[in-house]
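# Structural overview for review
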Amino acid sequence: MSTIVVYEQGAVTPMRLLGAVGAGRQLIVILSPSEHARRMRPLFAETCVAVYDLTDADLRRRLADHKPTGILTFSEPMLRATAELAADLGLPYHELPVVDRLTSKYLQRTRLNDAGVDPTVSVRITAAEQWEPAVREVGLPAVVKPVRGVSSRNTMLIDSVAAGRERIGELLRVEGAVVVDEYLPGIDVPDPFGDYLSVESLVQRGVRTHLAITGKLRLAPPFRECGQFWPARLDRTTREGVLALTDQAIKALEVTTGILHTEIKLTPDGPRVIEVNGRVGGYIPELARYAAGIDLVDAGIRIAGGERVDVPELDLDRVCFQFTTPAPVARGVVTRVCDAAAVRAVPGVTAYHPLARPGTEVGGFGTQDLNLLEGEAADHEALAATVDLIMDRVEYGFDFGGGPTVRSARDLVYTTGSDSGRGE
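Residues numbered from 1 in each chain as written. Predicted model: local features only at pLDDT ≥ 70, side-chain atom pairs only at ≥ 80, totals over all residues. Heavy atoms only, no water.

Excluding glycine, residues mostly have negative phi values, and the peptide bonds linking residues are mostly trans. Following L140, the chain continues to P141 via a peptide bond in cis, the omega torsion being -5°. Positionally, P141 belongs in the loop between helix 8 (131-138) and strand 6 (142-146). Residue P192 follows D191 across a cis peptide bond; omega there is 10°. Turning to its location among the elements, P192 is positioned in the loop between strand 8 (178-182) and strand 9 (193-204). (Helix = DSSP H or I, 4+ residues; strand = E, 2+ residues; numbered from the N terminus.)

This is the structure we're talking about:
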């Protein structure tokens, strides 16, 4: 069995992907044109049956010669290229209109509105003079974000017409088009928990199976993720409502195959859809392996090849978590990394993965993680206590142009910006 994987930096690392290569399974890797992907070529070439470039003129012929049985990607920017290859090779994957609905936040919101799944108001704008008419339709505060984007890139909460007028021109110069969305206020939750969550789903020949609801830690302003955990902190009624809404959204988008990551906001009026992503969520494969021994990379490859994948119902006797320290929004460089030994000594922390080093450039409106911590706690109350310890043990040094400064994870999560809820 040979499976094509279109690779770009995304939710699955090269080493995690290569770990799925086993007896009777061959991977054909197609690299995006990015510098990062090109650097990965020697690594993939050691293990995979073939490595090609997405820009190869005779790529379709070369791939057809391998007689592949499936195709997929774990990277959001590669969804369209993967769908185009799948169509050319006659392989099952998201059809192109489905990819458009999964990658365009405006098209997705329009489809969910038209299907009666979610009424959130959204306006697409391409010129600065469209800002004020959009505000009259959407209201304030409003969430502004790229029509197509990942990792909360250039996503911001704007609470006045004047503030938007100051920012929208530059944002449009960078992104070309943005959506202005109605802000969704969240329910009250105690720190350090967030008022949103995600649902991890498998879709096989149109049949939807929801593997887990992922609880979230609070966001760092404006909309940057700081951690997640299984199981989510939900009562039964809310859980049922979240799963029903997710199921309706995936059905409305007409997704028939793959692993999906759906983000849901918990509002006083009930759950609302933030967005449906046509690939596995960030760090979710690591969480699934750690918490339940489930290999989502293997599952994705098997689904792509037409195999039936059965996943066990989660029945955890503990809370398994991940914590990431967000980089600051201000532009600068890392001058000192945190004391790994001090972090590993926090009760419940089982692994620490550094993701930044001295000299790493930081800053900007988007998710940029300085580290990834993994661990477990007896229950959600114990998790809150563990996160509180982590907040003070993690410290980084930065230089923003005015000399060195030190910030704890608590500083980076709580004091950057002014918004603490996800309202996309």
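Moving on from the coordinates now.
Turning our eyes to something else, we now look at the sheet that holds strand 5 (residues 122-125). Pairing within the open sheet is antiparallel, and its four strands lie in the order 5-8-6-7. Because the sheet does not close on itself, it has two edges, and the strands there are strand 5 and strand 7 (156-158). Between one strand and the next, the sheet's axes are offset by a mean angle of 30°, whatever the strand orientation. Note: strand 5 against strand 8, four bridges, orientation antiparallel. Counterpart to I125 in the pairing with strand 8 is V178. Across the sheet, helix 7 (residues 105-114) is in contact with strand 5, strand 6 and strand 8; its angle to strand 5 comes to roughly 150°. (Pairing = 2+ DSSP bridges. Axes fitted to C-alpha atoms, helices over the stretch in contact; angles between N-to-C directions. Contact = heavy atoms within 4.5 Å.)

Okay, the pairing of strand 15 (residues 332-336) next. In terms of strand pairing, strand 15 meets strand 17 (residues 361-362) through two bridges, oriented antiparallel. Bridging from a neighbouring strand, V333 pairs with E361 of strand 17.

With that out of the way, let us pick up the sheet that holds strand 17. Taken together, four strands build an open sheet; the order of strands is 17-15-19-20 and the sheet is antiparallel. The two strands at the open ends of the sheet, each matched to only one other strand, are strand 17 and strand 20 (404-408). Bridge count for strand 19 (residues 395-399) against strand 20 is five bridges, and the pairing is antiparallel. Looking at strand 20, one finds that E395 is bridged to S408.

Taken by themselves, the reported measurements are silent on function.
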